[in-house]
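# Topology and contacts: notes
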Amino acid sequence: MIKIENLTKSYKTKGKIIKVIDNINLDVKKGEVYGIIGRSGAGKSTLLKCLNLLEKPDTGSVIVDGVDLTKISKRELRLERQQIGVIFQHFNLLNSKTIFENVALPLRLQGNHNRNEITIAVDEMLKLVGLTEFAHKYPSSLSGGQKQRVGIARALITKPKLLLSDEATSALDPQTTASILDLLLEINETLGITIVLITHEIEVVRKICDKVAVIDGGEIIEEGKAFDVLMHPKQPLTRKLIIEESSDKYLEQVRHFYKFEKNSGKHILLLSFVGETTYQPILNTIARQTDMNFSILRGELDRIKKMPFGQLLIEFNGDHNSLGKACEIMQNMGVHYEIVH
Amino acid sequence: MSLAIISDALNTLDWSEINQATLDTLFMLGFAVFFSTIIGIPVGLLLFLTNKDGVLQNKAVYSSLSFIVNVLRSIPFIILLIVMIPTTTFLVGTSLGAKGTIPPLVVGAFPFFARLVENALKEIDKGIFHMAESCGASTWQIIWHILLPEIMPNLVASITVTAIALVSYTAMAGAVGGGGLGDLAIRYGYQRFQTDVMLVTVVLMVIMVQVIQFLGDFLVKVIRKK
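Thresholds, definitions, all that
Residues numbered from 1 in each chain as written. Chains lettered and ligands numbered in written order. Predicted model: local features only at pLDDT ≥ 70, side-chain atom pairs only at ≥ 80, totals over all residues. Helix = DSSP H or I, 4+ residues; strand = E, 2+ residues; numbered from the N terminus. Buried ≥ 20, exposed ≤ 12 C-beta atoms within 10 Å, placed from the backbone. Contact = placed C-beta atoms within 7 Å. Pairing = 2+ DSSP bridges. Axes fitted to C-alpha atoms, helices over the stretch in contact; angles between N-to-C directions. Domains from an automatic or database assignment. Parallel < 35°, antiparallel > 145°, perpendicular 65-115°, else oblique. Left-handed = near helix turned anticlockwise from the far one by under 90°. Nonpolar A, V, L, I, M, F, W, Y, C, P; charged D, E, K, R; others polar. pLDDT = per-residue confidence, 0-100. Expected span 1.5 Å × (residues − 1).

Our focus in this paragraph is the overall build of chain B. A count of helices and strands for chain B gives 10 helices and zero strands. Ordered by position from N to C terminus, the α and β elements of chain B give α-α-α-α-α-α-α-α-α-α. With the C-alpha coordinates of chain B rotated into their principal frame, the extents come out at 70 × 45 × 25 Å. Looking at the 226 residues of chain B, the share that counts as buried comes to 36%. For chain B, restricting intrachain contacts to residue pairs at least 6 apart in sequence, the fraction spanning at least 24 positions comes to 72%.

Right under this line is the structure:
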């Protein structure tokens, strides 16, 4: 559905040339939810803007649904943009217009729909996002989550095949974020719309992405299926973003209550498991087959899209042999472990 | 002063002249506000759009337009009145009277109003432009469907400010025999020492300004109810 080839983009500020995007190549398949994560300043916002040519790349092609956006006229680009929906971090609703008029805007811009068609389309969209009663209210009386729903309704009204999401949940609280992500997932599954989203929150990728690309310094440093990249990151920078962040985060929180003693026979391991393994009695099996005692310091059992996974920070107390045996057991059960201390 | 003295004084005034002066002022004000607005809005839009990062970014157009606007704003109105005599005659057939004052009033006011329009446009969130372009809107569509509706409260407030500024400009119309309340105040009050006339005309102008401000605030409130 989307093919990005040899994309580069540089900015000139104060005499210096900064390469924001450095030779990026990407493929997004139809119906996929594709996430792009990275730290602030990594280039992800610019990359997304290149997808609908809001930013013109210096070199490279952006081929959306067979059309190379970098090679068409201004007028043709406008027509192509009407087939790409975009949602934004700060919603970008028009305060002077009602919710109805905000959602209707893309159709009015197309100019070839009559009053009846517009009313039917808007009503349908408002129903999809659950805001039918708000049609005649103004954005100033809506909450953040509701505003983003309006943004989604507006983005989808021209029945686009592609939806771009520019940190759409970054300005929302966790519960609202979850409900918006649910809505996006529902839209992707029932309408088959391809979604490309950028975010700096790993939770977002975990919840809805099929594939993810990690961007750093203008380059894609890792790319693949969401749970592969999240559970078993290959690049050190990716690990830094994901796993080490988790274990550092855990260790930080644990440090308040726990004293690390060197050579005390205690080892701290970070266990990760995916799929069915998540529900196996891992710790119980280890406890029974070795002589180790263990304490759970921190844990998380969750899902990456529909795939269950878990991460546990465990303190194992026992001798070296027992630890070796425990590791063997974990390996046999398909548990990925990492000795943190 | 007791009420009797005030009513005596009021009775001795020539109200027909004051009435005519009031009508003249309103006549000048009405046309000046109207033309300043319809010229100022496109000029303000152009200034905004051709500026750096604007949709129609054009350094040459922006700098020249900005320069012209700045120059016109710097010329004292009384000098503008005189300098424009040939142009005014060409446009409306005379450089005298209420009619002859309107072109200079418009030329004096529209640059000021255009800057207010430009400022109002600058207050629109940049994200709105990203959204508009992402929807495939053309520049005209952005102006008509998005920019003008979004700045409407600000626009009405700016027109109010401009109208009130124009009230004091019309006072100088007397210099070209323009008539109006200001002219009356100067001729009778200043030149003939008839303080009572001057007082009455000033009070009338104060009332005029109050009414304009009230109407403006009311309209902004109505538009902003959203």
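There's more to say after this.
A few words on the overall build of chain A. What chain A contains, in helices and strands, is 12 helices and 14 strands. Oriented by its inertia axes, the alpha-carbon framework of chain A measures out at about 75 × 50 × 35 Å. Taking all 341 residues of chain A together, 39% fall into the buried category. Long-range contacts, defined as pairs at least 24 residues apart, comprise 69% of the intrachain contacts of chain A with a sequence gap of at least 6.

Residues and elements named next belong to chain A. Taking strand neighbours across the sheet as the criterion, the six strands line up as E6-E7-E8-E3-E9-E10 in an open arrangement whose pairing is mixed. Only two strands of the sheet have a single neighbouring strand rather than two, namely strand E6 (84-88) and strand E10 (219-225). Going across the sheet, the axis of each strand differs from the next one's by a mean of 15 degrees, ignoring polarity. Two elements, strand E3 (residues 33-37) and strand E9 (residues 211-216), share four bridges in a ladder whose sense is parallel. In the sheet register, Gly35 faces E9, and the bridge partner there is Val212.

This part is about the domain arrangement of chain A. All names here are of chain A. Partitioning chain A into structural domains gives domain 1 (2-236) and domain 2 (243-339). Averaged C-alpha coordinates put domain 1 and domain 2 at centres separated by 38 Å. Listed by contribution, the elements that provide at least two residues to the side of domain 1 that touches domain 2 are helix H7 (202-208) and helix H8 (226-231). If one sorts the elements of the side of domain 1 that touches domain 2 by residue count, H8 sits on top with four residues.

A few words now on the packing of helix H3 (residues 59-74) of chain B against helix H6 (residues 97-122) of chain B. Residues and elements named next belong to chain B. At a closest axis distance of 8 Å, the pairing of H3 and H6 adopts a crossing angle of 125 degrees. As far as their axial angle goes, H6 and H3 are oblique. Seen from above, H3 lies across H6 with left-handed handedness. Facing H3, whose interface residues are Val69, Leu72 and Arg73, H6 presents Val107, Pro111, Phe112, Ala114 and Arg115. Taken together, the residues of the contact of H3 with H6 break down into six nonpolar, no polar and two charged.

To continue, consider the environment of Pro236(A). Of note, Pro236(A) is situated in helix H9 (residues 236-241). Sequence-wise, Pro236(A) and Glu222(A) are 14 residues apart; in three dimensions their C-alpha atoms are separated by 9.9 Å.

Let us now look at the pairing of strand E4 (residues 59-64) of chain A. Residues in a regular strand project their side chains so that they alternate between the two faces of the sheet. Residue and element names in this part refer to chain A. Note: strand E1 (residues 2-13) against E4, five bridges, orientation antiparallel. Of the residues in E4, the one forming a bridge with Ile2 is Val64. Across two bridges, the pairing between E4 and strand E5 (residues 67-68) is antiparallel. Paired with Val64 across the two strands is Val67, which belongs to E5. The hairpin turn running from E4 into E5, its antiparallel successor, is two residues long, and Asp65 in that turn takes a positive phi close to 50 degrees.

The next point concerns the confidence of the model for chain B. Fine structural detail should not be taken from predicted coordinates in areas where pLDDT scores are low. Scored by pLDDT, chain B comes out at a mean of 88, with 98% of its residues at no less than 70. What the predictor reports for the complex is a pTM of 0.82 with an ipTM of 0.84.

Quick look at the confidence of the model for chain A now. Of the residues in chain A, 92% reach a pLDDT of 70 or more, and the chain-wide mean stands at 87. The element-level mean pLDDT for chain A is lowest in helix H10 (residues 243-255) of chain A, coming to 61, with helix H5 (residues 144-156) of chain A highest at 96.

Bringing the packing of helix H2 (residues 15-49) of chain B against helix H9 (residues 181-191) of chain B into the picture now. Residue and element names in this part refer to chain B. One way to put it is that H2 packs onto H9 with a least axis distance of 7 Å and a crossing angle of 135 degrees. Classified by the angle their axes make, H2 and H9 are oblique. For the pair formed by H2 and H9, the contact residues are Glu17, Ile18, Ala21, Thr22 and Thr25 on the first element and Leu181, Asp183 and Leu184 on the second. Residues belonging to the contact of H2 with H9 are distributed by class as follows: four nonpolar, two polar and two charged.

Attention now goes to H3(B). In this model, H3(B) (16 residues) spans 22 Å end to end at C-alpha, consistent with the 22 Å of a helix rising 1.5 Å per residue. Little of H3(B) sits out of view: just one of its 16 residues are buried.

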